[in-house]
Amino acid sequence: MFEPVTIEDFLAKLAEIKSEADLTRIKASFEFAQKAHFGQKRESGEDFVQHPLEVASIVFDLGMDTTSIMAAFLHDVVEDTPIDIEEIRKQFGSEVALLVDGVTKLTRLAFQSKQEQQMENLRKMFLAMAQDLRVIIIKLADRLHNMRTLKHLPEEKQKKIAKETLEIYAPLTHRLGMWKVKWELEDLALRYLDPEAYYDLVNKVAMKRQEREGIISAVKQTLQRALAEIELKAEVQGRPKHFFSIYEKMQEQGKDFSEIYDLMGLRVIVPTVQDCYEVLGIVHTLWKPMPGRFKDYVAMPKSNMYQSLHTTVIGPNGEPLEIQIRTWEMHRTAEYGIAAHWLYKENSPDDKELHEKIAWLRHLIEWQGEMKDSEEFMETLRIGLFMDEVFIFTPKGDVKNLPAGSTPVDFAYSIHSALGHQCTGAKINGRLVPLDYQLKNGDIIQIISSKQSTGPSRDWLQFVKTSKAKNRIRQWLREQLREENIQIGREMIERELRKRGMDIQENMRQENLLETTKKFGFTIIDDLLSAVGDYKVTANQVLGKMGLEKEPLRPLKSEFEERKRTRKSSQGIKVRGVENLLVRFSKCCNPVPGDPIVGYITRGKGVSVHRQDCPNLGSEDNERIIEVAWDQEIQGTYPVDIEIEGLDRVNFLTDIMNAISEMKLYLSAAKARSKKGLAFINLTLEIAHSDQIQLIFKRVKKVEGVQRIYRVSRLVR
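What counts, and where the lines are drawn
- Residues numbered from 1 in each chain as written.
- Predicted model: local features only at pLDDT ≥ 70, side-chain atom pairs only at ≥ 80, totals over all residues.
- Heavy atoms only, no water.
- Pairing = 2+ DSSP bridges.
- Helix = DSSP H or I, 4+ residues; strand = E, 2+ residues; numbered from the N terminus.
- Salt bridge = Lys/Arg side-chain N within 4 Å of Asp/Glu carboxyl O.
- Buried < 20%, exposed > 50% of the residue type's maximum accessible area, 1.4 Å probe, protein only.
- Core = buried A, V, L, I, M, F, W, Y, C linked by side-chain atoms within 4.5 Å.
- Contact = heavy atoms within 4.5 Å.
- Lys, Arg positive; Asp, Glu negative; His and termini not counted.
- Polar contact = N/O pair within 3.5 Å; in protein donor to acceptor, adjacent residues only side chain to side chain.
- Patch = residues over 30% accessible without salt bridge, like charges linked within 9 Å, V, L, I, M, F, W, Y side chains within 5 Å.
- Areas by Shrake-Rupley, 256 points an atom, 1.4 Å probe, with all protein chains shown as cover.
- Charge placed at Lys NZ, Arg CZ, Asp CG, Glu CD.
- Axes fitted to C-alpha atoms, helices over the stretch in contact; angles between N-to-C directions.

(A) Structural context of the sheet that holds strand 14 (residues 597-601). Here 4 strands make up an open sheet; going across it, the order is 13-15-14-16 and the pairing mixed. The open sheet has two free edges, formed respectively by strand 13 (583-585) and strand 16 (625-626), since each of these has just one partner strand. Note: strand 14 against strand 16, 2 bridges, orientation antiparallel. Within the sheet, the bridge partner assigned to Tyr600 lies in strand 16 and is Ile625.

(B) Unusual backbone geometry, seen in detail. Positive phi values are uncommon outside glycine, yet Asn429 reaches one of about 55°. Its place among the elements puts Asn429 in the loop between strand 8 (423-428) and strand 9 (431-433). Positive phi outside glycine occurs at Lys676, with the angle close to 50°. Its place among the elements puts Lys676 in the loop between strand 19 (666-675) and strand 20 (678-687).

(C) Region of the structure containing the pattern of salt bridges. Under the criterion given, the structure shown has 21 salt bridges. Between Arg711 and Asp595 there is a salt bridge, with the nearest N and O atoms lying 3.0 Å from each other. Pair noted here: Arg711 is in strand 21 (residues 706-711) and Asp595 is in the loop between strand 13 and strand 14, with a separation of 116 residues, a long-range link. The exposure class assigned to Asp595 is buried, which follows from its relative accessible area of 9%. Taking the shortest distance from any N to any O, the salt bridge between Arg611 and Asp613 comes out at 3.1 Å. Residue classification places Arg611 among the buried positions, given a relative accessible area of 8%. Residue class for Asp613 comes out exposed when judged on its relative accessible area of 55%.

(D) Representation of the nonpolar core. Core analysis: the biggest nonpolar cluster contains 62 residues, and Phe10, Ile69, Phe73, Leu74 and Ile88 have the highest contact counts within it. No other element matches the 8 residues that helix 9 (residues 134-148) contributes to this core. What Phe10 contacts, discounting residues up to four positions off in sequence, is Val5, Leu53, Ala56, Ser57, Phe60, Ile69 and Phe73.

(E) A look at the side chain of Arg326. With respect to the helices and strands, Arg326 occurs in strand 5 (residues 320-327). Although Arg326 is buried, it makes no salt bridge; Glu335 carries the closest opposite charge, 4.8 Å away. Among the polar contacts listed, one links the side chain of Arg326 to the side chain of Tyr306, at a separation of 2.8 Å.

(F) Spatial organisation of the environment of Met64. With respect to the helices, strands and loops of the structure, Met64 is situated in the loop between helix 3 (50-61) and helix 4 (66-74). The class of Met64 is buried, set by a relative accessible area of 3%. For the pair Met64 and Arg134, spaced 70 residues apart in sequence, the C-alpha separation works out to 8.3 Å.

(G) Structural context of helix 4. Of all 9 residues making up helix 4, 9 are buried, and the element is well covered by its neighbours. Every buried residue of helix 4 is accounted for by Thr66, Thr67, Ser68, Ile69, Met70, Ala71, Ala72, Phe73 and Leu74.

(H) Representation of a positive patch on the surface within the structure. Among the surface-exposed residues, Lys671, Arg673, Lys675 and Lys676 lie close enough to one another that they form a single positively charged patch. Checked against the element boundaries, Lys675 lands in strand 19.

(I) Geometry of the sheet that holds strand 18 (residues 638-647). Read across the sheet, 4 strands follow the order 19-20-18-21 without closing on themselves; strand pairing throughout is antiparallel. The open sheet has two free edges, formed respectively by strand 19 and strand 21, since each of these has just one partner strand. With strand direction ignored, the average angle separating the axes of adjacent strands in the sheet is 15°. Where strand 19 lies against strand 20, 9 bridges are found, and the strand directions are antiparallel. Paired with Arg673 across the two strands is Phe680, which belongs to strand 20. The sheet contacts of helix 28 (residues 652-661) involve strand 18, strand 19, strand 20 and strand 21, and relative to strand 20 the element is tilted by about 25°.

(J) How the structure looks around the side chain of Ser690. Relative to the helices and strands, Ser690 resides in helix 29 (residues 690-700). Take Ser690: its relative accessible area is 11%, and that puts it in the buried class. With sequence-adjacent residues up to four places away left out, Ser690 is seen in contact with Val592, Pro593, Gly594 and Asp595.

(K) Structural context of the environment of Arg148. The residue Arg148 is located in helix 9 in this model. With a relative accessible area of 24%, Arg148 lands in the partly exposed category. As for Arg148 and Glu184, which are separated by 36 residues in sequence, their C-alpha atoms are 9.1 Å apart. At 2.6 Å, the side chain of Arg148 and the side chain of Glu184 are in polar contact.

See below:
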């Protein structure tokens, strides 16, 4: 399919546009690579140096600079020969060495099936891109030649490389605007991933080619005559649809090949932007435009720099025909994307304009740098690389582009994190809309915010689309959880000090806490307090590390009783003054550690432990009341019943469960019912301490529609 490139032909091609000095440097880099790879062969049997020669040729065809071509020749030298990067730097300079080093690191990335390993490999690739975009362009040229020669590898390896190409490299070419490379990578990947479907499409497209070309020829002639009449210079080209896009359309829309009409379109290339709109007018005069199928990417370019007018008309055969209209400069950018930048600015690849055009990459690197979770990382990557765009306007008329399906919350976070956190509503085209409204092209959006806002809701994660919005919401929720845990942890330590009759101010001094923090392996005090509040460390363990001896429990009745042996029950309760009694928890109020409690001596069933506010104690015989206390070394969990009342709505129970889920509590029972527009939810949770109940209450109260939450006590008659 592709004729092998020879170094003589390649140098002759270079001589037409490169200076003598550039030719000398490029030739030297080839000779260096040829010597380094001497004796090495590819799977095809050809000399290995043919591969870097082909890669350099692709890089040149993409319009890249001399430095990139030299790095393309040398890109496998450090990877596959004993030569190190310092030798490259010494021979060819720091800039070439930087690119070679970047590509070397990328070629060493072995994409594994494990998502965690893949995440780290992809993270490295994006960091290399951030350092110098030419790294990824060389890598894409390397991948393109490898895909062209994939037939020489075993089938299993073919599928692995093709899958990786379709999932990572083809979407990258899309984001970089390199359509010419994208189409070829996708078609080659499909050829190896689903060869039956690929060759079936090839045959079917070939069978319809003559009929299709006849229609396109007639349309071209009609349009060319109309343009000639007004003396407008334009080139009209047929635009075949590549195989993968047909395959994708059939899969996504469940269509048969016979139902795909836009197998070929027209492209009109003109000198100026004004000419683009003039051609559009003529096209709409000749053929009837289809409503809703016009897109102006000239006035509102895509984030990958793509510009063109798209319109779909009813062709002479009654079938839809898409026509693209663009200038020659737009066409070069559409074909080569970010690589086209070096056609005009070879000596300044790091200018401000370039960085503005790839702002999406900077944001992607920023967001993925904050993530440790592999699923979250891959989700961010899919959103960042794959999604189509929607164009919207700010009240001032500025254009913003966001992924298709984005909401007002996504827009708010795209402006500033604080605006996202404070977002309470939105207006679209002057009308109030819900926060999960999906933005449409041309919408004018206004965000309503309040500094008194309680912050983002967890249920926002169910409808936001952008990586930035998802990550900022998750980060805020984590920070809120941490702040709550820090406060709870501090209170738990102070409560334990108070119980022991120790000086809180003295023992909670900064230096004491910092020293104790280090003993637990933390670096800052808040980390320790958060661990205590999250029940990963107990308050008793903290005081133990402080060197504070535990005080004996103060007497509850008399000096005589104090001298009696204290019995430590299996239930985590200490009973003084009475020995060898069975201890059990009452099911009417389900006391948990931290609750003020009392004991009640039952007839034949030992001591029943109640909360002090249990409604059943009012009718009990006071003579049978006995003082009990929680064992300081208590461990384990205890059941607690809570009831939640709120306005009934879709996903109300789900939102309640999500609010509780991060606490990692065991839910042993759940029951929900509705009555007259109200929802009643009863949950039984296993918890370790009463402080957790307050944290549950605090979180659940933030859920939309919650009116009341309380612990359930049952009155026994």
